[in-house]
Each structure stands twice: as C-alpha cells, then as structure tokens.
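# Structural features, examined
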Amino acid sequence: MDQRISLITLGVRDIAAETAFYTALGWRAVDSPDGVVAFDLIGQTLALYPLEDLARDMGLPLDALGHGAITLAYNVRDKDEVAPLMARAKAAGARILKPAHDVFWGGHIGYFADPEGHIWEIAHNPAAPLGPDGAFQWNGAV
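Let me sum up the structure you'll find in this document. (Residues numbered from 1 in each chain as written. Predicted model: local features only at pLDDT ≥ 70, side-chain atom pairs only at ≥ 80, totals over all residues. Heavy atoms only, no water.)

## Observations regarding the pattern of salt bridges
Tallied over the full model, the rule gives three salt bridges. Two residues, D57 and R56, come together in a salt bridge whose shortest N-O distance is 3.1 Å. Residue D57 is classed as partly exposed on the basis of its relative accessible area, which comes to 47%. The class for R56 is exposed, based on a relative accessible area of 55%. A salt bridge links K79 to D102; its shortest N-O distance comes to 2.9 Å. Within this pair, whereas K79 is found in the loop between β4 (72-75) and α3 (82-92), its partner D102 is found in strand β5 (residues 95-102), the two being separated by 23 residues in sequence. Given a relative accessible area of 36%, K79 falls into the partly exposed group. (Salt bridge = Lys/Arg side-chain N within 4 Å of Asp/Glu carboxyl O. Buried < 20%, exposed > 50% of the residue type's maximum accessible area, 1.4 Å probe, protein only. Helix = DSSP H or I, 4+ residues; strand = E, 2+ residues; numbered from the N terminus.)

Following this line, the structure appears as structure tokens:
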C-alpha cells in the first residue's frame, strides 16, 4: 500500500450549504455523479457526501457517525496568510474556534469549524515549506 490518501470524504447533512461554503472559500467543484460533490486538490480529492448515505454505505446507524477527533489542515507559505484565510472562512460561514496565533513549535495557526462542524486548521509551518505547486510534506517539499 502506497503512503497516500486519495480521497477525503466528509459526511454532511446539508450538501448544498456545505458546497456553498467551500465555493465561498474559492474552491471549484469538478464533475461528479449525482449525490456527491468533489473538489480536486493537489494529489487528493475532497468529497461531500450525504451523511445518511455514508452511514448506509458503511452499514452503520446514522447516530454512530458523530464528529471524530480529526482536523483537516491547510498549510500556507507565509505566516501573514493565516489570518486573512481565517477571515475568509468566517465570512463564508465558519465558526472561528481559535484565531490565528503563534505556537510553541515556531508556527502560526488558527482553527475554524465549517457550517457542519468539520474542523480545519490553517497553518504556517516554517519547518515544512510548501513546494512550488503547493504540495505539503512533513519536513518540507522537495
């Protein structure tokens, strides 16, 4: 098994509202089958899928799918990019959990929740600079 994640799927209750949120952040959906909205990323795809359909596909009751302890991170090239992206997320309907701030390991981060509670981190990590195409690797893109 290669070390990669190909598709990140968020189970959502209101696919139209979640699509509007990510579109307001500047993302563009790609053609996909009815019932799923997909945004191609650098090396992966983020999909929005009705929560009840996701539960059915997994063979689990809907109430078994809460919000787990997971964050999705969006890294930026410069510390000064964090706060404006947090503001853009708030304007699109996000709830700011923790505003942009310096952290002990030398980075600068902030957290927000999308309209359905999926938690995102906007981060600048000087120890992991992004590649020219925006690709992230833990110790810096090569």
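## Examining the nonpolar core
Counting 18 residues, the largest nonpolar core has L10, F21, Y22, L48, F112, W120 and I122 as the members making the most contacts within it. Breaking this core down by element, the ones donating at least two residues are β1 (7-12), α1 (15-24), β2 (37-40), β3 (45-50), α3 and β7 (119-124). Ranked by residues supplied to this core, first place goes to α3 with three residues. Apart from the residues within four sequence positions on either side, F21 is in contact with A89, A92, G93, A94, F112, D114 and P115. By size, the runner-up hydrophobic cluster in this structure holds five residues, among which are Y49, L51, L54 and L65. (Core = buried A, V, L, I, M, F, W, Y, C linked by side-chain atoms within 4.5 Å. Contact = heavy atoms within 4.5 Å.)

## Points about the sheet that holds β4
With mixed pairing, four strands are arranged side by side in an open sheet as β4-β7-β6-β5. The sheet terminates laterally at β4 and β5, the two strands that pair on one side only. When strand polarity is set aside, the average angle formed by the axes of neighbouring strands in this sheet is 15°. In terms of strand pairing, β5 meets strand β6 (residues 108-113) through five bridges, oriented antiparallel. (Pairing = 2+ DSSP bridges. Axes fitted to C-alpha atoms, helices over the stretch in contact; angles between N-to-C directions.)

## Some remarks on the packing of aromatic side chains
Inspection of every chain in the model, using the stated rule, returns eight aromatic pairs. Between Y22 and W27, the aromatic rings sit 5.6 Å apart at their centres with planes inclined by 35°, giving tilted as the arrangement. Taken together, a centroid distance of 6.1 Å and an interplanar angle of 50° make the contact between Y22 and F39 tilted. With Y22 in helix α1 and F39 in strand β2, the pair connects residues that are 17 residues apart, well separated along the chain. This pair shows no difference in class: Y22 is buried, exactly as F39 is. Chaining the aromatic ring pairs together yields one cluster made of F21, Y22, W27, F39, F112 and W120. (Phe/Tyr/Trp six-rings, centres within 6.5 Å; stacked < 30°, edge-to-face > 60°.)

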